[in-house]
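# Results of the structural survey
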Amino acid sequence: TSLADYVERMAEGQEEIYYINGPNRAAIEAGPYVEMFNKKEIEIIYTMEPIDDFVLNHLGEFDGKKLVSADRADLDLSKSGDDKESDEDEAEKLSSDASGDLITWLKKTLEDKVADVIESKRLVDSPAMIVNPDGYMTSSMERIMAASRMEKGLSPEASKKNLEINLASPLIRQLADLVKSDESFASDVAAQIYDNAM
């Protein structure tokens, strides 16, 4: 699809063009970054070449619409697409006290691995995902920069990421209980959730 085709199909009131980069369509669709887009029925442009991130980021906007990567840390879809949030969705989440305790515990447990742990506003099914603390640095842009450093004989810079967790996920809710009953096992589970998200 072209940017012009995308703009023609955009929902009324949508002010941003969304895109996501990945090695192939299957990998992108299996990832957590498109879940809320699917739920809200917002179309995304899939790009398969890493350089596309740089091109679209540099372009900035098209036809008066801002170009935004779907894996940006500061992405906010609260005002986009069809709002299908329900009381049922809220009821599935951990209570504010339990979620606060879990987030504090995860920050302490994963302090060597992550910059921060925060509640995700865009995960639907996945328990967690990784985003760059720098809102503008996408994953594919970082991979290109790391490859460039390696070509120059430099070691890639390893920056800590933010872990976003889905407080409605059964796995995350069970982890909150596990912390109280078997903290050692809970630590192993937390490390696995991080590894999977990475």
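Residues numbered from 1 in each chain as written. Predicted model: local features only at pLDDT ≥ 70, side-chain atom pairs only at ≥ 80, totals over all residues. Heavy atoms only, no water.

In this section: the packing of helix α6 (residues 96-109) against helix α8 (residues 170-181). Relative to each other, α6 and α8 sit at 75 degrees, their axes nearing to 10 Å. Here α6 lies roughly perpendicular to α8, going by the angle between them. On α8, the residues that touch L102, W105 and L106 of α6 are I172, L175, A176 and V179. Residue composition of the contact of α6 with α8, by class: seven nonpolar, no polar and no charged. (Axes fitted to C-alpha atoms, helices over the stretch in contact; angles between N-to-C directions. Helix = DSSP H or I, 4+ residues; strand = E, 2+ residues; numbered from the N terminus. Parallel < 35°, antiparallel > 145°, perpendicular 65-115°, else oblique. Contact = heavy atoms within 4.5 Å. Nonpolar A, V, L, I, M, F, W, Y, C, P; charged D, E, K, R; others polar.)

The subject of this paragraph is the sheet that holds strand β5 (residues 114-119). In a beta sheet, neighbouring strands pair by backbone hydrogen bonds and run either parallel or antiparallel. Ordered in space as β5-β7-β6, the three strands form an open sheet in which the pairing is mixed. What marks the edges here is a single partner per strand, and that holds for β5 and β6 (128-131). Going from strand to strand, the sheet's axes swing by 25 degrees on average, the running direction of each strand aside. Strand direction decides the pairing type here: β6 and strand β7 (residues 161-165), joined by four bridges, are antiparallel. What sits directly across from V131, in β7, is N162. (Pairing = 2+ DSSP bridges.)

Among the nonpolar cores identified, the biggest contains 49 residues, and Y18, L102, L106, L163 and I165 are the most heavily contacted of them. Excluding residues within four positions of it along the chain, L106 makes contact with E111, V117, I165, L175 and A190. (Core = buried A, V, L, I, M, F, W, Y, C linked by side-chain atoms within 4.5 Å. Buried < 20%, exposed > 50% of the residue type's maximum accessible area, 1.4 Å probe, protein only.)

The next thing to look at is the side chain of E164. Looking at the secondary structure, you find E164 in strand β7. Of the polar contacts made by the side chain of E164, one reaches the side chain of S120; its length is 2.9 Å. Non-local contacts of E164, meaning those with residues more than four positions away in its chain, are made with A73, I118, S120, K121, R122, L123, P127, A128, M129 and V131. (Polar contact = N/O pair within 3.5 Å; in protein donor to acceptor, adjacent residues only side chain to side chain.)

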